[in-house]
Structure formats: C-alpha cells, structure tokens
Amino acid sequence: MKLRIALSVLSAATVLAAGSPSPAQAAGGLPGLGWELKETGVTARLRGLSPVSRDVAWASGSEGTVLRTTDGGRSWQNVPPPGTTGLQFRDIEAFDARQAVALSIGEGTDSRVYRTEDGGRTWAETFRNDEPRAFYDCLAFFDHRHGLAMSDPVDGRFRILATEDGGRSWRVLPSEGMPEALPGEAGFAASGQCLVTAGGRDVWLATGGAGRARVFHSADRGRTWTVADTPVPAGDPARGVFGLAFRDPRHGLAVGGDYRPDQQSPSAAAVTGDGGATWRPAATPPPAYRSGVTWLPFPPFAAVAVGPAGSDVTWNGGRTWRTFDGGSFDTVSCARDGSCWASGEQGRLARLRLG
C-alpha cells in the first residue's frame, strides 16, 4: 500500500498519552512560547491546515473531515462534501471564511479536488483523477486564482495539475519541463507542505522514498523545473523531505527524516538562501522527525517545525532549532495577521502563544 496511506497508521509509539501538549518547560522549551489547544469535537487526524486569521481557520483530514472556525477556535463546524467519509483530505487551501479548496488523496479516483464558496454548506467537485497510476499529495496557491496540485510520478515524472480560476477547473501541465524522478521517488502527503509557493510564480516540490531526498523548483508556475539534492535523510521509502516553507523566493526551510518511531532522524532539517538551488544541513536540527514547518510572521528569521514527537523553534533562519513543546502535531501554518496554528492526530488543533 502506498506510503501516503501508511502514514495514517503510525504505530502507537508515536501517539502521546493525554489530550494536551506537554508543558514547554518539561520539553526543555522556552517560557512564553506554547500551544493553546482548541476543542474540535472530532478524532480524525488533521493533516490539512489553512488559517486565514486569528478568528478564521480551516483544517482537514481522515474520515472525510473538513473543519471550519470563525471564532478563533472556540467552536468548529465539520463541513465536508457529502458522501466523502471514506476519503482523506490531506490538504486544504482557504481564501477567506467562505472560500476553500480541499484535496483528497489516494490512488486513482480517490484523488479529488473540491471547492466551496459558502463556508462548506455546498461543495463542487472540480477534479477527479482518471489516471490509475497518479496519486495526488499536495496543493498550493499563488493567489486567489492560480494554483497547482502535485501527483507522484507517472511515466517517470511528477505530474502537475494547474488552475487559473481559483480551483473551479484544472488541467494537467505538460511533463516535458519536469526532470525525471529517481526510482521510488514520491511525495509525502503528511502535512500539506510537499508543494509550497512564495510570491507570484515560484513553487517548490519536496520528495523522498528514493536514494536522495530532493527539492524541485519552478519559477514559472510549474511549467519548467530544476531539482537539487538536500542533506535530509534518504535511502529508504520512509525517509525524505516531508515539509517545506519559503518566506520569499530565496529563503527556505526543509524538514523531514524517517517517520517511523523506532528510527533516528539526524540532520532532519535543511536551509537554502538561493531559492533551493543548494541546501545545507541545520547546525542544530530538531531532535527527531518533523513533518511540518512554517515561518513566523515576526521576527523575520523565526520559524516553527512540528512532528509527532514535538515542536521546535528557530530564531536564526533554520541554522539552529530548539524544542519548546512535546505534544504531537502533523502540520503548522501562519496567517497573514500573525496568528499561527497547528493540527494533528485525534483532532488536535491549537493556536500558538507568543509571549
């Protein structure tokens, strides 16, 4: 079974006891920086996350779950497309409190895209995969109209889906500008961050499962690509780059490692200052596998990474990381107003407390 499906059933060793994150001090963390858990009322694993503001956020995950809050997480509505309880919504991109695009993953027709324009009361299915070898992992938008979705390789190249109308319609881009994939190379649908954008045209694609963990880059919205090796652990189907974050078209972070709980993940973070052309390992990486990462809105070189074994912060652009919380999360993201959110297993969803 595909690795993206297997990520849903990690062993119980990755599941932390109790329903709240460990205090920051207990995790060797930093005073004043921590997570405020929000009660979602669901037990689904929430790997898709798209905060719009301090008040509005969307999340998605297993069992066809799509959550929405408009009151800062005090209450959540489960507003999935009808008849989708068997799907896994591993990624979601929201534009505001009413408009969002959700991606379900899986082989063949399980890979779909849905769009809502009324806060989840109704949905339109705007794409259903008809290529049995395709497996869509992530989606990302440059703006309210232009976006991409990525599939694992078909005929030896990653497949890219594009929209120019906000996700209402999609087309497969030509593959000629995509470098060939390595044997076994694929994306990880672990955090909705295997495909990310910065600015109006730059997009990056993260990979693993092969002999080298790589990052692909396109400066023309997915038409042509270059690719670079990273120092993130590779050489095994469970290893690679799981999450990317770029604060501008040059400065980026990569996190990953080996998601299996009994494996070590040294050098599981890397940084770039040239748009992904070259990557160097973090001098002090997170202590374990991390699946999600995001730049904090301030200060300019701060970022947070999360995974099943904890959360880490960097204040120097990813060169050194320090754990501040021991709770389990799969993905993390910040809104334009400076609010940052994380989500993960058992319906866990939280907002970051700064200071």
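Note that the structure is predicted; figures quoted are calculated from it, not measured. (Residues numbered from 1 in each chain as written. Predicted model: local features only at pLDDT ≥ 70, side-chain atom pairs only at ≥ 80, totals over all residues. Heavy atoms only, no water.)

Re the overall build of the protein chain
- Across its full length, the protein chain holds 1 helix and 28 strands.
- Its C-alpha radius of gyration of 18 Å places the protein chain within 12% of the 20 Å reference for a compact globule of 355 residues.
- Looking at the protein chain residue by residue over its 355 residues, the buried ones come to 62%.
- Of the contacts formed within the protein chain by residues at least 6 apart in sequence, a portion of 53% connects residues at least 24 apart.
- Within the structure as shown, the protein chain displays about 13100 Å² of accessible surface, and the carbon and sulfur contribution to it stands at 50%.
- Taking the average location of the 37 positive side-chain charges in the protein chain and that of its 37 negative ones, the two points are 3 Å from each other. (Helix = DSSP H or I, 4+ residues; strand = E, 2+ residues; numbered from the N terminus. Rg over C-alpha atoms; globule rule 2.2 N^0.38 Å. Buried < 20%, exposed > 50% of the residue type's maximum accessible area, 1.4 Å probe, protein only. Contact = heavy atoms within 4.5 Å. Areas by Shrake-Rupley, 256 points an atom, 1.4 Å probe, with all protein chains shown as cover. Lys, Arg positive; Asp, Glu negative; His and termini not counted. Charge placed at Lys NZ, Arg CZ, Asp CG, Glu CD.)

Quick word on the nonpolar core
- Ranked by size, the top nonpolar core spans 17 residues in total, and within it Leu148, Met150, Ile160, Leu195, Leu205 and Trp225 carry the most contacts.
- Sorting the residues of this core by element identifies strand S10 (135-141), strand S11 (147-154), strand S12 (157-163) and strand S15 (202-206) as the ones contributing at least two each.
- For this core, the element with the highest residue contribution is S12, accounting for 3 residues.
- Dropping the residues within four chain positions of it, Met150 is found in contact with Phe135, Tyr136, Asp137, Cys138, Phe158, Arg159, Ile160, Gly187, Cys194, Leu195 and Leu205. (Core = buried A, V, L, I, M, F, W, Y, C linked by side-chain atoms within 4.5 Å.)

Notes on the sheet that holds strand S19 (residues 252-258)
- Taken in spatial order, the 4 strands line up as S18-S19-S20-S21 in an open sheet, and their pairing is antiparallel. One side of each edge strand has no neighbouring strand; the edge strands of this open sheet are strand S18 (239-246) and strand S21 (280-281).
- Bridge count between S19 and strand S20 (residues 269-272): 4 bridges; the pairing is antiparallel. Note that in S20 the partner of Ala254 across the bridge is Ala270. (Pairing = 2+ DSSP bridges.)

A closer look at unusual backbone geometry
- The residue after Phe298, namely Pro299, is reached through a cis peptide bond having omega -10°.
- Of note, Pro299 is situated in the loop between strand S22 (292-295) and strand S23 (303-307).
- Backbone geometry places Asp155, a non-glycine residue, at a positive phi of 55°.
- When you line up the elements, Asp155 lands in the loop between S11 and S12.
- In the Ramachandran plot, Arg221 falls in the positive-phi region, its phi being about 60° despite a non-glycine side chain.
- Looking at where Arg221 falls in the secondary structure, it is placed in the loop between strand S16 (214-218) and strand S17 (226-229).

Remarks on the sheet that holds S23
- Spatially, the 4 strands line up as an open sheet ordered S22-S23-S24-S25, and their pairing is antiparallel. Edge strands, defined here as strands with exactly one partner in the open sheet, are S22 and strand S25 (322-325). Neighbour-to-neighbour, the strand axes of the sheet open up by a mean angle of 25°, direction not taken into account.
- Examined bridge by bridge, S23 and strand S24 (residues 310-314) share 5 bridges and lie antiparallel to one another. Each residue of the ladder has a partner; that of Ala305, found in S24, is Asp312. (Axes fitted to C-alpha atoms, helices over the stretch in contact; angles between N-to-C directions.)

Description of the packing of aromatic side chains
- Scanning all chains against the criterion turns up 13 aromatic pairs.
- Summarising the aromatic geometry, the rings of Trp76 and Trp341 are spaced 6.1 Å apart at their centres and angled 90° between planes, so their arrangement reads as edge-to-face. Of the two residues, Trp76 sits in the loop between strand S4 (66-69) and strand S5 (77-78) while Trp341 sits in strand S27 (residues 340-343), which places them 265 residues apart along the sequence.
- On the accessibility criterion, Trp76 (12% relative accessible area) is buried.
- Residue class for Trp341 comes out buried when judged on its relative accessible area of 0%. (Phe/Tyr/Trp six-rings, centres within 6.5 Å; stacked < 30°, edge-to-face > 60°.)

Some details on the state of the cysteines
- Scanning the model with the defined rule gives 2 disulfides in all.
- Each sulfur in the disulfide pair Cys138 and Cys194 lies 1.9 Å from the other. What sets the handedness of the Cys138 and Cys194 disulfide is the S-S torsion sign, and at about 120° it is right-handed. With a gap of 56 residues between them, Cys138 in strand S10 and Cys194 in the loop between strand S13 (171-172) and strand S14 (195-198) connect regions that are remote in the sequence.
- A relative accessible area of 0% means that Cys138 is categorised as buried.
- Of the residues examined, Cys194 reaches a relative accessible area of 0% and is grouped as buried.
- Residue Cys334 pairs covalently with Cys340 via a disulfide, S to S 2.1 Å. Residues Cys334 and Cys340 are joined through a disulfide that is right-handed, its torsion about the S-S bond being 100°. (Disulfide = S-S within 2.5 Å.)

A short note on the pairing of strand S26 (residues 331-334)
- Where burial is concerned, the two faces of S26 agree: the one with Thr331 and Ser333 and the one with Val332 and Cys334 are both buried.
- Hairpin geometry of S26 and S27 is characterised by an intervening segment of 5 residues between the two adjacent antiparallel strands and by a positive phi of about 100° at Gly338.

Some remarks on the pattern of salt bridges
- Evaluated as defined, the whole model comprises 18 salt bridges.
- Ionic pairing is found between Asp330 and Arg45, a salt bridge with its closest N-O pair at 2.7 Å. Placement of the pair is Asp330 in the loop between S25 and S26 and Arg45 in the loop between strand S1 (33-38) and strand S2 (48-51), with a sequence separation of 285 residues. Each member of the pair, Asp330 together with Arg45, is buried.
- Two residues, Asp312 and Arg290, come together in a salt bridge whose shortest N-O distance is 2.4 Å. (Salt bridge = Lys/Arg side-chain N within 4 Å of Asp/Glu carboxyl O.)

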